[in-house]
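# Coordinate inspection notes
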Amino acid sequence: MLDDVTIEAGTGRITALLGRNGAGKTTLMEICAGLRLPDSGAVQILGQTRGQGNSDAQLRKRVGVMVQEGGLPMAPRVREVLAHIATLRGDRHQAATMMETLDLTHLGATPVRRLSGGEKQRVAVACALMGRPELLFLDEPTAGVDPHSRITMWELLRRERARGTTIIFTTHLMEEAEQLADDIIVVDCGQVVAAGSVASLTSGTVVTIRDRHIRLSESDILALGVKSWQRTAGNVTLTFPSLTVSDIAQLSDQLRALGCGDCGISVRPRSLETVFFSLTSTQQETQ
């Protein structure tokens, strides 16, 4: 269930839509792609508002969609499916190119039902790319795909971005989002809880203090100059805007004065995974 959600994806950029299972990201994508009607509000795609006049028919020619499950006929052979979609999209010669790009040529005579999960994903991505759409919606495009094919897909999507295609995709792989996306939208419990570029969301340095017997007070933590912090079992994780070597030395002195002299610490750049857990976990104290 979505609640008063507003998102924006930049033209010619790759946007990753992240969230836990049930957070609402697939529903959001299906509404934007025209596969589901919203209870209220409006969806504007490529300068047109869905549901007004013949906008939906026009948009279908300009938008590619890959759904999370289903969407492919099971009985036909792979080459038949791709050739059919390519013909419908007005470029029948693109099927052979896409089969070669996504390493599907050797599977051309195989019925779709006999493909592995990862192979079906590659066929679904190929179908979504037919006709060179201006906007792509991809729901977990690399789920079940082997590492080599995943890298191939990343390279393909980067090429699509380079030619001006706007891409919105969902994933549970934080590394994939961090490597591939320009922008991130995090959805939790039906609402957008964060949005921005990868660089802006991951800015800062993370210091983790490991000792389940230490209980730093909130005032102690805030006095360290943190940007944010969270407490989990046995750990206190502090996020700073930035830290130099001198800052780390000073922080060590402060922690020693607070009784943490024997605690283990780690210092690392802030990752997208860290950001995601801080925004969506309900099992921790967060400030």
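Before reading on, note that the structure itself is shown above.
Summarised in this report is the structure supplied together with it. By convention here, each chain's residues receive numbers from 1 onward along its written sequence. Predicted model: local features are reported for residues with pLDDT of at least 70 only, side-chain atom pairs are reported and counted for 80 or more only, and whole-chain, interface and lining totals are derived from all residues. Side-chain numbers here rest on the full set of heavy atoms in the structure, without hydrogens or water.

## Comments concerning the nonpolar core
Among the nonpolar cores identified, the biggest contains 45 residues, and Leu18, Leu82, Leu102, Leu104, Val123, Leu138 and Ile184 are the most heavily contacted of them. The helix count covers DSSP runs of H or I at least four residues long, the strand count covers runs of E at least two residues long, and both are numbered beginning at the N terminus. At seven residues, the largest contribution of residues to this core is made by helix α5 (residues 117-129). What makes a nonpolar core is a set of buried Ala, Val, Leu, Ile, Met, Phe, Trp, Tyr and Cys residues whose side-chain atoms join them at distances within 4.5 Å. Whether a residue is buried, partly exposed or exposed follows from its accessible area with a 1.4 Å probe, protein chains only, as a fraction of its type maximum: under 20%, in between, or over 50%, in that order.

## Details of the pattern of salt bridges
Salt bridges are identified by distance alone: a Lys or Arg side-chain nitrogen within 4 Å of an Asp or Glu carboxyl oxygen. A complete count under the given rule lists nine salt bridges for this structure. In this structure, Asp188 and Arg20 form a salt bridge, with 3.0 Å as the shortest nitrogen-oxygen distance. Pair noted here: Asp188 is in strand β7 (residues 183-188) and Arg20 is in the loop between β1 (14-18) and α1 (25-32), with a separation of 168 residues, a long-range link. The closest approach of N and O atoms between Asp253 and Arg256, which form a salt bridge, is 2.9 Å. Placement of both Asp253 and Arg256 in helix α10 (residues 245-257) is noted, with a separation of three residues, approximately one turn of the helix. With relative accessibility at 46%, the residue Asp253 sits in the partly exposed group.

## Re the packing of aromatic side chains
Each Phe, Tyr or Trp ring, with Trp reduced to its six-membered ring, pairs with another whose centre is within 6.5 Å; inter-plane angles below 30 degrees give stacked pairs, above 60 give edge-to-face pairs, and intermediate values give tilted ones. In total, this model carries one aromatic pair according to the counting rule given. Ring geometry for Phe276 and Phe277: centres 6.1 Å apart, planes at 70°, overall edge-to-face. Owing to a relative accessible area of 10%, Phe276 belongs among the buried residues under this scheme. Of the residues examined, Phe277 reaches a relative accessible area of 44% and is grouped as partly exposed.

## A closer look at unusual backbone geometry
You will see that Asp4, though not glycine, has its phi angle at about 55°, which is positive. As for its position among the elements, Asp4 is in the segment before β1. For Asp4, a relative accessible area of 73% translates into the label exposed. With a phi close to 50°, Arg132 is a non-glycine residue in the positive phi region. By secondary structure assignment, the location of Arg132 is in the loop between α5 and β5 (135-139). Judged by its relative accessible area of 45%, Arg132 falls in the partly exposed class.

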